[in-house]
Amino acid sequence: MTLWNGVLPFYPQPRHAAGFSVPLLIVILVFLALAASFLLILPGIRGHSRWFWLVRVLLSLFIGAEIVAVHFSAEWFVGTVNTNTSYKAFSAARVTARVRLLVGLEGINITLTVARSPTAGSPMSPPHPTGTPVHQLNETIDYNEQFTWRLKENYAAEYANALEKGLPDPVLYLAEKFTPSSPCGLYHQYHLAGHYASATLWVAFCFWLLSNVLLSTPAPLYGGLALLTTGAFALFGVFALASISSVPLCPLRLGSSALTTQYGAAFWVTLATGVLCLFLGGAVVSLQYVRPSALRTLLDQSAKDCSQERGGSPLILGDPLHKQAALPDLKCITTNL
């Protein structure tokens, strides 16, 4: 064993591109743990209600996980281009690279990798085919840089730090377009839209928690209304991001190619989740007024639990506006004094 474990501390170390988002991974693992815990107790549920609870719980966990996970996803807007561009400042070297821009609610991710050649890896290809990381400029070109604009983060300071590190020109060019002082104005548009979208999604998450509680009570009407509110706020967040599309953006040109962005996976999944919440909430509210007995059966609330044991009309608890009093059976007890 050497003094520094084989690492020379005064020389630049090999770079490693950033991998999976840690907060996003934590959110996924937490909800997967909840789903796994429910699957462990699922065999203890008897009858056909077992499959009903399976669909109900997993669908609810999916909605909650999606609302939280998209906060940490950078794939709200996605743009990719293959281009031949300059590599670093004060150098005439050019590289054929693949540049990818990801815009999220809290910042942007810029990825720079070498564009793969169609013949790379084939038996007839040369020992160092065009597109392999070490072929161009004898350097591993694999960058994944993140620039955030959270409340406690300073985007301009992160960009200045990137300048000091000497990141490649394509990364610095795209990062500079999103600085607060840039004449393009992208920072203010995406920062403000992301701020409102994040706020509305957190409100949607709170109403999702409330809907799970209310759907487990004898008043499912309020649970359906909470689901409708969850879908409405999720769609508000989507519309806040979609409002940027109507504003003409500053052109992003890398070499001879132009980079354009389009809606990413997080945008479409959030839109689908909002529509799903509206559909489920609307179904619960409609069944409450049309067929309340069917709704109680669907939510695994047996009608016999809501009826009196000694005959008489059932006590309807689903509608809070409808109150029905049941007179108890009175027994006359006489005593001889």
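Residues numbered from 1 in each chain as written. Predicted model: local features only at pLDDT ≥ 70, side-chain atom pairs only at ≥ 80, totals over all residues. Heavy atoms only, no water.

A. Just the layout of surface pockets, in detail. The volume enclosed by the second largest pocket comes to roughly 520 Å³. Contributing to the lining of the second largest pocket are 21 residues, with Arg56, Leu59, Leu215, Leu280 and Leu299 lying nearest its centre. Listed by contribution, the elements that provide at least two residues to the lining of the second largest pocket are helix H2 (49-69), helix H5 (186-214) and helix H7 (265-290). The biggest single contributor to the lining of the second largest pocket is H2, with nine residues. (1 Å grid on protein atoms, 1.4 Å probe; cavity = no way out; pocket = protein on both sides within 12 Å on 5 of 7 lines; lining within 4 Å. Points joined across faces, edges and corners; volume = space filled by probe spheres on them. Helix = DSSP H or I, 4+ residues; strand = E, 2+ residues; numbered from the N terminus.)

B. The arrangement of the side chain of Thr273 in detail. On the secondary structure map, Thr273 appears in helix H7. On the basis of relative accessible area, Thr273 is assigned to the buried category, the value being 2%. In this structure the side chain of Thr273 is engaged in a polar contact, spanning 3.3 Å, whose partner is the side chain of Glu66. Each residue touching Thr273, except ones within four places of it in the same chain, is listed here: Phe62, Ile63 and Glu66. (Buried < 20%, exposed > 50% of the residue type's maximum accessible area, 1.4 Å probe, protein only. Polar contact = N/O pair within 3.5 Å; in protein donor to acceptor, adjacent residues only side chain to side chain. Contact = heavy atoms within 4.5 Å.)

C. Helix H1 (residues 22-41), seen in detail. Given a rise of 1.5 Å per residue, 20 residues ought to cover 28 Å, and the 29 Å separating the end C-alpha atoms of H1 matches this to within 8%. For H1, every residue scored as buried is listed here: Leu24, Val27, Phe31, Ala35 and Phe38. Taken end-on, H1 shows its buried residues confined to a sector of 70°, consistent with a single buried face. Structural note: H1 exposes Val22, Leu32, Leu40 and Ile41 on the side pointing more than 90 degrees away from its buried face. Next to the buried residues of H1 lie H2 and H5. (Expected span 1.5 Å × (residues − 1). Arc of directions from axis to C-beta.)

D. Just the packing of aromatic side chains, in detail. Under the criterion given, the structure shown has 18 aromatic pairs. For the pair Phe31 and Trp208, a centre-to-centre distance of 6.4 Å together with 55° between the ring planes defines the contact as tilted. Taken together, the residues span a long stretch of sequence, with Phe31 in helix H1 and Trp208 in helix H5 at a distance of 177 residues. Here Trp202 and Phe205 contribute two aromatic rings whose centre-to-centre distance is 6.0 Å and whose plane-to-plane angle is 85°, an arrangement assigned as edge-to-face. Here the residue Trp202 and the residue Phe205 both occupy positions in helix H5, the gap between them amounting to three residues, near one helical turn. Residue classification places Trp202 among the partly exposed positions, given a relative accessible area of 36%. Through a chain of ring-to-ring contacts, the aromatic side chains of Trp76, Phe77, Phe147, Trp149, Tyr155, Phe178, Tyr187, Tyr190, Tyr263, Phe267 and Trp268 assemble into a single cluster. (Phe/Tyr/Trp six-rings, centres within 6.5 Å; stacked < 30°, edge-to-face > 60°.)

E. Up close: the pairing of strand E1 (residues 77-86). In this sheet, strand E2 (residues 94-103) lies alongside E1 in antiparallel orientation, the contact comprising 10 bridges. Counted as the bridge partner of Asn84 is Thr96 from E2. With two bridges connecting them, E1 and strand E7 (residues 262-263) associate as antiparallel partners. Of the residues in E7, the one forming a bridge with Val78 is Gln262. (Pairing = 2+ DSSP bridges.)

F. Summary view of the state of the cysteines. Applying the stated criterion across every chain, the model contains one disulfide. Shown here is the disulfide that connects Cys184 with Cys250, its sulfur atoms set 2.3 Å apart. Of the two residues, Cys184 is situated in the loop between helix H4 (169-177) and H5 and Cys250 in the loop between helix H6 (220-242) and strand E5 (252-254); the sequence distance between them amounts to 66 residues. Judged by relative accessible area, Cys184 falls into the buried class, the value being 15%. A residue is classified by how much of its surface remains accessible, and Cys250, at 21% relative accessible area, is partly exposed. (Disulfide = S-S within 2.5 Å.)

G. Broad picture of the packing of H6 against H7. Viewed as axis vectors pointing N to C, H6 and H7 meet at an angle of 155°, and their least axial separation amounts to 7 Å. In terms of axis orientation, H6 runs roughly antiparallel to H7. The handedness of the crossing between H6 and H7 is left-handed. Residues of the contact of H6 with H7, tallied by class, amount to 19 nonpolar, eight polar and no charged. (Axes fitted to C-alpha atoms, helices over the stretch in contact; angles between N-to-C directions. Parallel < 35°, antiparallel > 145°, perpendicular 65-115°, else oblique. Left-handed = near helix turned anticlockwise from the far one by under 90°. Nonpolar A, V, L, I, M, F, W, Y, C, P; charged D, E, K, R; others polar.)

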